[in-house]
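Here is what each chain is made of, one letter per residue.
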Amino acid sequence: MAAPPDCIQLIQKHRERLLRWIEPNPAPLLRRLRDCELLTQPEYFSLLETNPKTNQVIALLERVSRKPEESQKFLEELQELCEVYCPELQHWLQTYYPEEKNGEPPAVQPDAPAPSKPRRSLLKFWKSKKYKLQNMSADQEQSNDLPFRRGLSRQLKAALQNHRRSLLTRTEKLCTNVDDTESCGHIEIRYTDLLLSDSPRSSSASHDYLHLASRRARLYSLHAPRRLALSQLVSPLTGESSPPLRVMLSGAAGIGKSVATQKILHDWALGASFQRFLCLLDFSFRELSLITTPKSLEELIRKKHIHLSEVLPELLDRPGELLVILDGLDEFRHPLDSQNPCLQSDQPAHIKELVHGLVSGTLLPESTIVVTSRPSASLPEDLFDRHIVILGFQEEHVREYFFRFFRDPKRATAVLSYISIHDGLASLSFIPLYCFILCTALGEFFPCAGVMEASPPSTITDVYRQYLCTILRLHKSPSGGPNCTMGRVKDLVLQLGKLAYAATLRKRTVFYMDELQGFGFDPQNLPSSFLNRIFFKENDEVYGFFHLTIQEFLAAMYSVVTLDPSTEELTSCLDLWWDGSAQEDGEAERNLSPPTGSSDRLLSYTKEFLSGPQQWDSLQMFSRFFMGLLTSRMEGKLGGLTGRLTGDPLTPLADWLGRKIQHESDRKLLSLLHCLAELHQDEVTQKAASKLDEVDLFKVTLNPADCAALAYVLGCSEVKMLRNLNLSYSNMGIRGLRRLQGLLHRCQTLQLRYNSLDQEAAVIEAAILRSPECRVKRLLFCGNCLGSEGVRSLWDALQHNTTLEELYLDITGITDSGLDNIVDSLMGNTTLRLLTIVGNRLSQTGRKVLSELSHKKPELKIISSFLSDMGLLQAYLDWVEEIKADREQMESVRNADALRSVLEVLVETDDPGASEEARKRAEHLKEEITALLLREENAKENGMG
């Protein structure tokens, strides 16, 4: 059917009316026109950025008046949305563009007065097919929506429309704590999707960013089937009969929890998703922490959403249709340990009892509650039906963010290319707020036109120092004159740094007015709005740093500036940061009082504010910043904040690092490696690395930045031989191996088991074995996918190698073809004494090749069957026990695949010469692996993994 030719004329004739009616709230219409593809994505974004809203509507009406079919589509979509707008617009549509009947197009009608009440209910708009949740069928959506859309009073409908408009206004600008920058754009434009995973919650005392950075690589591979869109947050997943009522959304600081909740509110208000809920309510724990007198839930709702006051009884009478969002549990001033949770919505209670009632389900038990928190928050696991982990950006999301930030493809590409070659910077980019800091700090080094005038920062410390300089340089005085004097900036930065240092030691991120006064801030003269990218005011009572790492950076800067370079102060502070204080003060975590002593020396201040033992874990980023800024001060790069050090801190620092590095392993050793990399003083690193006889990073997940830090430290140790380098179960991947390949020839024992390595890894190691400088005696390559082609390169390299004595190639994907050159190659080798090759798919032909090699080379012990070596069987039994005891090990797909491979080989193995004890132990290993795999499958089916 051809489009009626009068739609364009209708729009043009009544243009002023349409402008007046749509102008107060164009967002839902624009979004709907984009979803039906009448507007392209660039057109949609361009209209959203047009100000004021009147101009948005003017441009839209011009756009849809170009073609008859587009004008008709515009009127059809407007008709579907009419309940969002005023009764006059509804009447106009009913009069001039009524719904089609019997296939006839709508006809133009003469002017008519508006009816006394709306013609249609809200039901049609909010149940439109375009706004279905992705994972719900039409029948499910209908069954969820229809019951609570019936029987709404006219007053409640009007109040909910006001609520939607209020939320649209509040959420349309992306909340970044920045209200005076162009980068704070429309949420529809600036919001970049996050990777969400339905995953078991993993709490840790470690720094949130570092804990997630180590964990996300495993979660990426294992939880691919459980990845969610934001719209699926509270929807039933495959195999679930009902949606969850209590959902925990956790993630590191700055990864996008608050912005995700803002997007939930915005999408509901637009009618784009979450439409099975009649109403959404949200509260932040920062605002809840300010409440000191008993309040009821109804009082809280009335205070925040005054437009819902008159309809609150009717609204709360439908609790199953409410979604309540509680944002930032880790910032709550009270522990979530109430013994008397609130039961009734009109019952006044202490705020922690009210919150506990909502989360535990004693208050509004039928409502859906979403709580966001950093992973470090302590709370009972059984309170939540679903745990969602925010893994941040994937690579394509990072690229999308940078292109949206710069709006200049060439500039965005240049900055991204620079980051990609600096592993330390690239490792930050999966967290959205780190992307903002990177873009702000690096952008000016990549101008839109012309050439780069200076070298961009290349370390994390340099990036944050540049970020701070950029913010301070952009500040103009209220009179519009030049930048503020350096003296004023110095006082302010050090004052913030002093607060940041005390708060970092006490593990605090939120501050209240009385605490700021105690640290010398005048409430009448707090930092102005230019600092809200450093330190911002949530409201008149709550303050905080722009991001946790900004707080840690300023804390480190305060420490470096106030440092006495004497051996005693520097090393004493380092000991306290590393080992903590002798006694734990239970209140120290919560209270932040001003210092009681008069001394501003760093050591006395540290002793006063440090709380409890084991500080290194939570102070890892602070320690890296401290080392980097120490170098900045020695080089005179702190821009007037302080002078150069008069003493020499490097000698005592090298001694301290050398003492620590020779006795540490695991994550503590990795932390020291990063400190050396940020300090980047080759003489210090060389002295510390000379104490390093062994590097044990077994089961410490390594990203490329970690491998870069390790490569730097080992590279400074000249030609020192390393007795043992254990990188097994580090998930380092081929990129990490490439970063280290120039140093691996120095290791006597090189352990690379279960590292998701492929054929290229075998080629790299073959080149190392051929090197005349190779010192490798034991090479453990088990559990990697080297394949037959990869392992053939290893056999070939062994013709020329004169150091290797033991080679472990269990479960490496070798088939018969991988043995084509083994006999010829190894007959020329004089050092190899042990080869283990079990768990590979070798036929009788392959076993004959190994038998021939064993016959020709009797001094070489070959273990190709589990049944031929009791020690090997016991080692695999111990491995299974380790996996059973540490559930996170099963977060590696490689482990699960390896277990299956072992099981399959055990089933097929039949060695007539094996002892009865070996057979029993092999049978026991089969049973243990079968039970472990079955447990894992059941856990996945039950939504636990």
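Our structure's up above, just so we're on the same page.
What you see is a predicted model; the values in this text were computed from it and never measured. (Residues numbered from 1 in each chain as written. Predicted model: local features only at pLDDT ≥ 70, side-chain atom pairs only at ≥ 80, totals over all residues. Heavy atoms only, no water.)

S.K.: How should I be thinking about the overall build of the protein chain in this particular structure?
M.R.: The number of helices and strands found in the protein chain is 40 helices and 17 strands. The buried share among the 945 residues of the protein chain stands at 58%. Put simply, of all contacts in the protein chain between residues at least 6 apart along the chain, 78% involve residues at least 24 apart. In the form shown here, the protein chain has an accessible surface area of approximately 38,900 Å², with 49% of it arising from carbon and sulfur atoms. (Helix = DSSP H or I, 4+ residues; strand = E, 2+ residues; numbered from the N terminus. Buried < 20%, exposed > 50% of the residue type's maximum accessible area, 1.4 Å probe, protein only. Contact = heavy atoms within 4.5 Å. Areas by Shrake-Rupley, 256 points an atom, 1.4 Å probe, with all protein chains shown as cover.)

S.K.: It is not clear to me how the packing of helix H2 (residues 15–22) against helix H5 (residues 53–63) should be interpreted in this structure. Could you clarify?
M.R.: Think of two packed helices as two axes; the pair is described by the angle between the axes and how far apart they sit. Interaxial distance between H2 and H5 falls to 9 Å at its minimum, and their mutual angle equals 135°. The orientation of H2 with respect to H5, classified from their angle, is oblique. Pair H2 / H5 crosses with right-handed handedness. For the pair H2 and H5, the contacting residues are Arg15, Leu18, Leu19 and Ile22 in the first and Thr54, Val57, Ile58, Leu61 and Glu62 in the second. Residue composition of the contact of H2 with H5, grouped by class: 6 nonpolar, 1 polar and 2 charged. (Axes fitted to C-alpha atoms, helices over the stretch in contact; angles between N-to-C directions. Parallel < 35°, antiparallel > 145°, perpendicular 65-115°, else oblique. Left-handed = near helix turned anticlockwise from the far one by under 90°. Nonpolar A, V, L, I, M, F, W, Y, C, P; charged D, E, K, R; others polar.)

S.K.: Before we go on, may I ask you to explain the sheet that holds strand E8 (residues 510–512) in this structure?
M.R.: One key point about sheets: their strands pair by backbone hydrogen bonds, in either a parallel or an antiparallel sense. Ordered by their spatial adjacency, 3 strands build an open sheet running E8-E10-E9, and the pairing between neighbours is antiparallel. Each of the sheet's edge strands pairs with one partner strand only, and the pair in question is E8 and strand E9 (535–537). In this sheet, adjacent strand axes meet at a mean angle of 30° when their direction is disregarded. Judged from the 3 bridges that link them, E8 and strand E10 (residues 542–545) form a sheet pairing that is antiparallel. Bridge pairing in E10 links Tyr512 to Val542. (Pairing = 2+ DSSP bridges.)

S.K.: Where do I start with the pattern of salt bridges in this structure?
M.R.: Opposite charge on two side chains allows them to pair when their charged atoms are near. All told, the structure shown has 38 salt bridges when counted by the stated rule. Residue Lys304 is joined to Asp282 by a salt bridge in which the shortest nitrogen-to-oxygen separation is 3.4 Å. Of this pair, Lys304 sits in helix H15 (residues 297–304) while Asp282 sits in strand E4 (residues 279–284), placing them 22 residues apart in sequence. When its relative accessible area of 28% is taken as the criterion, Lys304 is described as partly exposed. By relative accessible area, Asp282 is classed as buried at 9%. Two residues, Arg770 and Asp796, come together in a salt bridge whose shortest N-O distance is 3.0 Å. Placement of the pair is Arg770 in helix H34 (residues 759–770) and Asp796 in helix H35 (residues 787–798), with a sequence separation of 26 residues. Using a relative accessible area of 37% as the deciding quantity, one classes Arg770 as partly exposed. Given the relative accessible area of 28%, Asp796 is considered partly exposed. Each of the salt bridges in this network shares a partner with another, and the network as a whole consists of Arg31, Arg34, Asp35, Glu188, Lys263 and Asp267. (Salt bridge = Lys/Arg side-chain N within 4 Å of Asp/Glu carboxyl O.)

S.K.: Whenever I open this one, the pairing of strand E3 (residues 246–250) confuses me. Can you help?
M.R.: Consecutive side chains of a regular strand alternate in pointing toward one face of the sheet and then the other. Most of E3 sits inside the fold, with 5 of its 5 residues counted as buried. Taken together, the 4 bridges between E3 and strand E7 (residues 386–392) define a ladder with parallel strand orientation. Note that in E7 the partner of Val247 across the bridge is Arg386.

S.K.: Just checking my understanding: could you explain the sheet that holds strand E16 (residues 834–836) for this structure?
M.R.: The strand order across the open sheet built from 7 strands is E11-E12-E13-E14-E15-E16-E17, with neighbouring strands paired in parallel fashion. The outermost strands of the open sheet, each flanked by one partner alone, are strand E11 (694–696) and strand E17 (861–863). The mean angle between the axes of side-by-side strands here comes to 5°, regardless of whether they run parallel or antiparallel. Summarising the sheet, E16 and E17 pair through 3 bridges and their orientation is parallel. When the sheet's bridge partners are listed, Leu835 is paired in E17 with Ile862.

S.K.: So what exactly am I meant to see when it comes to the environment of Leu602 here?
M.R.: You can see Leu602 is positioned in helix H27 (residues 602–609). In sequence terms Leu602 and Glu569 are 33 residues apart; their C-alpha atoms lie 7.4 Å from each other. If we skip the residues at most four places from it in the chain, Leu602 touches Tyr501, Tyr558, Ser559, Thr562, Leu563, Glu569, Cys573 and Trp577.

S.K.: How should the packing of helix H6 (residues 68–80) against helix H7 (residues 87–96) be read in this particular structure?
M.R.: For the pair H6 and H7, interaxial distance at closest approach is 10 Å and the crossing angle is 130°. Taken together, the axis directions place H6 and H7 in an arrangement best described as oblique. The handedness of the crossing between H6 and H7 is left-handed. The residues of H7 that touch H6, namely those facing Leu75, Leu78 and Gln79, are Leu89, Trp92 and Leu93. For the contact of H6 with H7, the per-class residue count stands at 5 nonpolar, 1 polar and no charged.

S.K.: What am I meant to see in the packing of aromatic side chains here?
M.R.: Note on aromatic pairs: each is described by the distance of the centres and the angle between the planes. Scanning the entire structure with this criterion turns up 32 aromatic pairs. Ring centres 6.5 Å apart and planes at 20° place the aromatic pair Tyr401 and Phe405 in the stacked group. Note that Tyr401 and Phe405 are positioned in helix H18 (residues 395–406) at a spacing of 4 residues, about one turn of the helix. For Tyr401, a relative accessible area of 7% gives the class buried. A connected cluster of aromatic rings, assembled from ring pairs, spans Phe393, Tyr401, Phe402, Phe405, Phe406, Phe436, Tyr467 and Phe546. One cation-aromatic arrangement involves Arg164 over Trp268; the distance from NZ or CZ to the ring centre is 4.0 Å. Just above the ring of Tyr512 sits the side chain of Arg333; from NZ or CZ to the centre is 3.7 Å. (Phe/Tyr/Trp six-rings, centres within 6.5 Å; stacked < 30°, edge-to-face > 60°. Lys NZ or Arg CZ within 6 Å of the ring centre and 35° of its normal.)

S.K.: Looking at this model, I keep getting lost on the nonpolar core. Mind explaining?
M.R.: The nonpolar side chains of a soluble globular protein tend to be buried, and buried together. Core analysis: the biggest nonpolar cluster contains 194 residues, and Phe402, Trp577, Phe626, Trp795, Leu809 and Ile822 have the highest contact counts within it. Per-element tally for this core: the top contributor is helix H23 (residues 486–505), with 10 residues. If we ignore the near neighbours within four places in the chain, the residues touching Phe626 are Ala556, Ser559, Val560, Leu563, Leu570, Leu574 and Trp577. Listed in part, the 39 residues of the second largest apolar core include Phe283, Leu354, Val359 and Leu364. (Core = buried A, V, L, I, M, F, W, Y, C linked by side-chain atoms within 4.5 Å.)

S.K.: Help me understand helix H19 (residues 409–420), please; the structure alone is not making it clear to me.
M.R.: Residues that lie three or four places apart on an α-helix share one face, since the helix turns once every 3.6 residues. Relative to the 16 Å expected for 12 residues at 1.5 Å per residue, H19 spans 16 Å between its end C-alpha atoms, a close match to the ideal helical length. The N-terminus of H19 is capped by Asp408, whose side-chain oxygen sits 3.1 Å from the backbone nitrogen of Lys410. (Expected span 1.5 Å × (residues − 1). Polar contact = N/O pair within 3.5 Å; in protein donor to acceptor, adjacent residues only side chain to side chain.)

S.K.: So what exactly am I meant to see when it comes to the state of the cysteines here?
M.R.: Linking two cysteines covalently through their sulfur atoms gives a disulfide. According to the stated counting rule, one finds 0 disulfides in the structure shown. You can see Cys774 has no disulfide; the closest cysteine sulfur is in Cys747, sitting 9.4 Å from it. With relative accessibility at 6%, the residue Cys774 sits in the buried group. (Disulfide = S-S within 2.5 Å.)

S.K.: Sorry, what's going on with unusual backbone geometry here?
M.R.: Only a minority of non-glycine residues have a phi that is not negative, and only a minority of peptide bonds are not trans. In this model, Asn51 is joined to Pro52 through a cis peptide bond whose omega is -5°. Within the secondary structure, Pro52 sits in the loop between helix H4 (41–48) and H5. With phi around 60°, Lys507 is a residue other than glycine that occupies positive phi space. Position of Lys507 among the secondary structure elements: in the loop between H23 and E8. Using a relative accessible area of 42% as the deciding quantity, one classes Lys507 as partly exposed. Of note in this structure, Ser756 is not a glycine but carries a positive phi near 55°.

S.K.: Please explain the pairing of strand E13 (residues 747–751) as it appears in this structure.
M.R.: Counted residue by residue, E13 has 5 buried out of 5 residues, so it is predominantly covered. Both strand E12 (residues 722–726) and E13 contribute to a ladder of 4 bridges, which runs parallel. Along E13, the bridge assignment pairs Leu725 with Leu750. Assessed by its sense of winding, the connection that carries the chain from E12 through helix H33 (residues 733–740) to E13 is right-handed. Relative to strand E14 (residues 778–780), E13 runs parallel, the two sharing 3 bridges. Bridged to Leu750 within E14 is Leu779. (Right-handed = clockwise from strand over helix to strand, strands pointing away.)

From the geometry alone we can't say anything about function, so treat these as descriptive.
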